[in-house]
Amino acid sequence: MVSKNDFYSAVMFDDYDLDSGYPYENYWEDHLASSQPTSLYQSESDSDDGSSGSGTTLIGLDAIDDGDKFSSSCKSSHDNLADENNISSIERELFNNTHFAGTSLFNPPTVSDADMLTLLRTLGLYDEQRDRWKDVPLSPQNEGSLIEPFRKIIDTLLNHYGLSATRTVISDSSQVGVDFKSAPPLAVCGSGDSFRSLKKNDLLKPGYLSYVTPIDIRLTETLWPLHDLLQAGLFARECFFRQDSRVFVYSLLLTENTALVYRFDRSGAQYSSFFDIHRNPAAFVAVILQLSDLDNFVGFNTRTSWAGDKRYIRVVSTNDPTLDFEIVGHEPISSRAEMVGSGTCCYRVVDVHGNTFIVKDSWGLTSEAKMLAEARGMPGVVQAIGYQNGILVSQLRGVEPDLTVPFFSPYFKNRRFGRNLLTMYDRTLDKFQNKKELLCGLRDAIAGHSNLFKAGILHRNISPSNIMIGMSECTDGNRGILIDLSSAQKVDLDFPLVDHRIGTRTFQSIAVLRSDTARTVIDYLDDLESFFYVLCWICSGFIGPNMQVKERPVNLDSWASDDPQCSECAKLSFIHSPIDENFVTPYFGAPFHRILEDLRMILVPHLDEKLNWMHDFNEDYGSFLFTLDRVIKDSSLQEWLISPDLPYPYYAACAASLHPPGLEMDEDLDIHKSCLFPFGS
């Protein structure tokens, strides 16, 4: 009997040519010219944080569009998973992020064909007279007639090689003939430490929570490279989203004669050569075993695991050895819907002493750990307790990133895994409990942004989800905390070029949006502009704490447009026109309308000077902070700021007292007020 260990090498990405002369070897490349649509192969690089054009945001606890866990770009029920919008979203993610890997995706068999045929004859799976797998029809009428034969083959192999304790194969024939399937016809499912505790019988029910490897089935005559890639991408992205500990996902495409392997990770997709499963039965068995292997070999991060009804995550602390923390609620409190990109997941965890922290997993192009280290001790900025830089995608793929070889697209982005242990904060800014908490939270987050910039770090991704309200016992300076430094960059003397796919569309600056059609640079003023849009979004969208309006102003809908130019035009029109008093809801009233107008007037002079961006950042930050501080510190507004329903006082009467006199010095800001407030009341 051939053992599993003897059957195939444990070394991944070994160089092995199954059958270089097989006519399907170059099927993909030969058909690229005829594939429609062709946009998948004609694109610029993706964004630094993997955001889509519409600004893929953290969803879950920190969702800012709605309370649903699933974003519109990543539907997760079998009824609507394969709709047109979701397929288009997957295509955007795989834009120029798909690479041919030849036979390097499979582990080669290490036994002879003769020994394998002996084994398969014993198992009753292979017909040596016809040189074909038994029961696999030569000329199937449809895909459905292939499901049961392949299920039987895979099930027999899993049982024979002792994998059936944690692996089983399930079938679903309900979507035979559907253009894009929301669930695979076959899937290898798993149980064990990487999966929520399930009974053996539960594995017979299809579900992405238990999928190890989704398997698609097509007829040879219906193969369509782009379609087949997007279908595999749909299965894989749902695995990533449902299985937050996933590092990469294999997917298998089977026809009546051939097989092709896909592998999806945070940098994109790889696809193999086709090979003949009948002429290479040993290779086919090797692929099935590889795609059903132990959790760490099929793409699970085993440092996130289940133990009974509890789930744990292992982190490395700066002060202690490796530690296991219990995940509160078992699932992430926030996660990204995309497959290609940072894949950020945040967990609320507790240690053995009951202390609460946040663990953040992400795949970044830059080291967030380095940024967090430089931010240690900064008021208004997220504080890290431990940092961990992990493996690179190129290491997972088994090759070093050499952009001169065909394996890598010129746009390959070599992401690195990072796991950070962070201080726990209270709520996102849009979960404010009163007006003063909102203002103080925004004010201290802006001051924190200033602290970062003075250290040569530009945040580049301002949104309500990235501003946390400090804990109740926090001191001034930490009432608002700027989080998520995964998109941050060191600026030093040169400001970085900007990409309109970085950040959340609704809050992107005009210069960032303009990068869709022109090369622009980003500086601190772009982030200040984003802070302005955050406050606009809240003041026009909430009628009280945790109470959103049914419909936002029309121009705010345009801010979130998938088209960067549409969003740019809407913001240009908004920021160059006086803000209507009815733009803010009655809950915020005239004082907040005045704040928005003052901030708008601070920004307007800089918009036409964007190409000459060497401004006095002390003055610009000071202008923003003073505009917020004058309301926070106004004694006549204190009761109104903390009351949920008290009518606001007549603001015009106190406006004059807020107008900055002469050259009086603000003690907190250490800047002349005459420089901060150059316009009338």
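Residues numbered from 1 in each chain as written. Predicted model: local features only at pLDDT ≥ 70, side-chain atom pairs only at ≥ 80, totals over all residues. Heavy atoms only, no water.

**Remarks on the overall build of the protein**
Phase 1: A tally of regular secondary structure across the protein gives 19 helices and 26 strands.
Phase 2: For the protein, with 681 residues in total, the buried portion stands at 61%.
Phase 3: Total accessible area on the protein is roughly 26,900 Å²; 51% of this is exposed by carbon and sulfur atoms. (Helix = DSSP H or I, 4+ residues; strand = E, 2+ residues; numbered from the N terminus. Buried < 20%, exposed > 50% of the residue type's maximum accessible area, 1.4 Å probe, protein only. Areas by Shrake-Rupley, 256 points an atom, 1.4 Å probe, with all protein chains shown as cover.)

**A closer look at helix H3 (residues 84–93)**
Phase 1: For H3, the full list of buried residues reads Asn86, Ile87, Ser89, Ile90, Glu91 and Glu93.
Phase 2: The elements touched by buried residues of H3 are helix H6 (225–242). (Contact = heavy atoms within 4.5 Å.)

**Focus: the packing of aromatic side chains**
In this description, an aromatic ring pair is defined by two values, namely the gap between the centres and the angle between the planes.
Phase 1: On inspection of all chains with the given rule, the structure shows 27 aromatic pairs.
Phase 2: Between Phe453 and Tyr524, the ring centres sit 5.0 Å apart and the planes meet at 50°, which makes this aromatic pair tilted. Of this pair, Phe453 sits in helix H10 (residues 435–454) while Tyr524 is found in helix H12 (residues 524–541), placing the two residues 71 residues apart along the sequence. The pair Phe453 / Tyr524 is uniform in exposure class, with both members buried.
Phase 3: Aromatic pair Tyr587 and Phe588: ring centres 4.9 Å apart, planes at 80°, arrangement edge-to-face.
Phase 4: Of the aromatic side chains, those joined through ring pairs into one cluster are Phe432, Phe507, Trp537, Phe542, Tyr587, Phe588, Phe592 and Trp640.
Phase 5: One residue, Arg263, lies across the ring of Phe248, its end atom 3.8 Å from the ring centre.
Phase 6: Looking at Lys571, its charged tip hangs above the ring of Tyr533, at a distance of 4.7 Å from the centre. (Phe/Tyr/Trp six-rings, centres within 6.5 Å; stacked < 30°, edge-to-face > 60°. Lys NZ or Arg CZ within 6 Å of the ring centre and 35° of its normal.)

**Describing the pairing of strand S19 (residues 416–423)**
Phase 1: In terms of burial, S19 is largely enclosed, as 6 of its 8 residues are buried.
Phase 2: Two elements, strand S17 (residues 356–364) and S19, share 8 bridges in a ladder whose sense is antiparallel. Within S19, the position partnered with Val359 by the bridge is Leu421.
Phase 3: Strand direction decides the pairing type here: strand S18 (residues 384–392) and S19, joined by 6 bridges, are antiparallel. Bridging across to S19, Gln388 finds its partner in Arg419. (Pairing = 2+ DSSP bridges.)

**Thoughts on the sheet that holds strand S23 (residues 480–482)**
Phase 1: Spatial ordering of the open sheet is given by S20-S22-S23, a layout of 3 strands whose pairing is antiparallel. The open sheet has two free edges, formed respectively by strand S20 (427–428) and S23, since each of these has just one partner strand.
Phase 2: By the bridge criterion, 3 bridges tie strand S22 (residues 467–469) to S23 in an arrangement that is antiparallel. From the neighbouring strand, Met468 faces S23, where its bridge partner is Ile481.
Phase 3: H10 contacts S20, S22 and S23 of the sheet and is inclined by roughly 40° relative to S23. (Axes fitted to C-alpha atoms, helices over the stretch in contact; angles between N-to-C directions.)

**Things to note about the packing of helix H5 (residues 144–160) against helix H7 (residues 281–290)**
Phase 1: Across the interface, H5 lies against H7 with an axial gap of 10 Å and an inter-helix angle of 70°. Classified by the angle their axes make, H5 and H7 are roughly perpendicular. Taking contact as the criterion, the partners of Phe150, Ile153, Ile154 and Leu157 in H5 are, on H7, Phe284, Val285 and Ile288. (Parallel < 35°, antiparallel > 145°, perpendicular 65-115°, else oblique.)

**Quick notes on the pattern of salt bridges**
Phase 1: Tallied over the full model, the rule gives 29 salt bridges.
Phase 2: Among the ionic pairs, Glu143 bridges to Arg218, the shortest N-O distance being 4.0 Å. Placement of the pair is Glu143 in the loop between strand S4 (132–133) and H5 and Arg218 in the loop between strand S7 (211–217) and H6, with a sequence separation of 75 residues. Side by side, Glu143 and Arg218 carry an identical accessibility label, which is buried.
Phase 3: Salt-bridge contacts for Arg479 lead to Asp444; the nearest nitrogen and oxygen are separated by 2.9 Å. Of this pair, Arg479 sits in the loop between S22 and S23 while Asp444 sits in helix H10, and the two are 35 residues apart along the sequence. Note on accessibility: Arg479 and Asp444 belong to one class, buried. (Salt bridge = Lys/Arg side-chain N within 4 Å of Asp/Glu carboxyl O.)

**Things to note about the side chain of Asp361**
Phase 1: The topology assignment puts Asp361 in strand S17.
Phase 2: In terms of polar contacts, Asp361 uses its side chain to reach the side chain of Arg419, at 2.6 Å.
Phase 3: Setting aside chain neighbours within four positions, we find Asp361 in contact with Ile313, Gly343, Thr344, Cys345, Tyr347, Phe417, Gly418 and Arg419. (Polar contact = N/O pair within 3.5 Å; in protein donor to acceptor, adjacent residues only side chain to side chain.)

**Digging into the pairing of strand S12 (residues 304–307)**
Phase 1: Side chains Thr304 and Trp306 project from S12 onto a buried face, and the interleaved Ser305 and Ala307 project onto a face without burial.
Phase 2: Bridge count for S12 against strand S13 (residues 310–315) is 4 bridges, and the pairing is antiparallel. Counted as the bridge partner of Trp306 is Arg311 from S13.
Phase 3: Once S12 ends, the chain turns through 2 residues before running back antiparallel as S13, passing Gly308 with a positive phi of about 70°.

**Focus on the environment of Leu396**
Phase 1: Within the secondary structure, Leu396 sits in helix H9 (residues 393–397).
Phase 2: Sequence separation between Leu396 and Phe248 is 148 residues; the distance between their C-alpha atoms is 8.8 Å.

**Here's the deal with the confidence of the model for the protein**
Low pLDDT means the predicted coordinates in that region are not meant to be read closely.
Phase 1: Overall, the predicted model of the protein reaches an average pLDDT of 79, with 76% of residues at or above 70.
Phase 2: Here residues 1–79 is modelled with pLDDT under 50, and outside its nearest four sequence neighbours on either side it reaches 230 contacts, counting other chains as well. (pLDDT = per-residue confidence, 0-100.)

**Focus: the packing of H3 against H6**
Phase 1: Between H3 and H6, the least distance of the axes is 10 Å, while the angle of their chain directions is 95°. When the axis of H3 is compared with that of H6, the two are roughly perpendicular. Here H3 contributes Asn86, Ile87, Ser89, Ile90, Glu91 and Glu93 to the contact with H6, which in turn contributes Leu230, Gly233, Leu234 and Arg237.
Phase 2: For the contact of H3 with H6, the class distribution of residues is 4 nonpolar, 3 polar and 3 charged. (Nonpolar A, V, L, I, M, F, W, Y, C, P; charged D, E, K, R; others polar.)

**Focus: the environment of Gln388**
Phase 1: Residue placement: Gln388 occurs in strand S18.
Phase 2: Take Gln388: its relative accessible area is 16%, and that puts it in the buried class.
Phase 3: Each C-alpha atom of the pair Gln388 and Arg419 lies 5.1 Å from the other, and the pair is 31 residues apart in sequence.

**Let's talk about the side chain of Arg263**
Phase 1: Relative to the helices and strands, Arg263 resides in strand S9 (residues 258–265).
Phase 2: For the buried Arg263, no salt bridge exists, and the shortest N-O distance to an oppositely charged side chain is 4.6 Å, to Asp265.
Phase 3: Only 3.0 Å separates the side chain of Arg263 from the backbone oxygen of Leu396, close enough to count as a polar contact. (Lys, Arg positive; Asp, Glu negative; His and termini not counted.)

**A closer look at H7**
Phase 1: With 10 of its 10 residues buried, H7 lies for the most part within the structure.
Phase 2: For H7, the set of buried residues is Pro281, Ala282, Ala283, Phe284, Val285, Ala286, Val287, Ile288, Leu289 and Gln290.

**Some details on the environment of His606**
Phase 1: Residue position: His606 is located in helix H15 (residues 589–607).
Phase 2: Residues His606 and Leu525 lie 81 residues apart in sequence; the distance between their C-alpha atoms is 8.2 Å.

**Some thoughts on the state of the cysteines**
Phase 1: Tallied over the full model, the rule gives 0 disulfides.
Phase 2: Unpaired in terms of disulfides, Cys345 finds its nearest cysteine sulfur in Cys346, a separation of 7.6 Å.
Phase 3: Among the residues examined, Cys345 registers a relative accessible area of 7% and is labelled buried.
Phase 4: A disulfide-free cysteine, Cys539 has its sulfur positioned 7.2 Å from the sulfur of Cys536, the nearest such atom.
Phase 5: Residue Cys539 is classed as buried on the basis of its relative accessible area, which comes to 0%. (Disulfide = S-S within 2.5 Å.)

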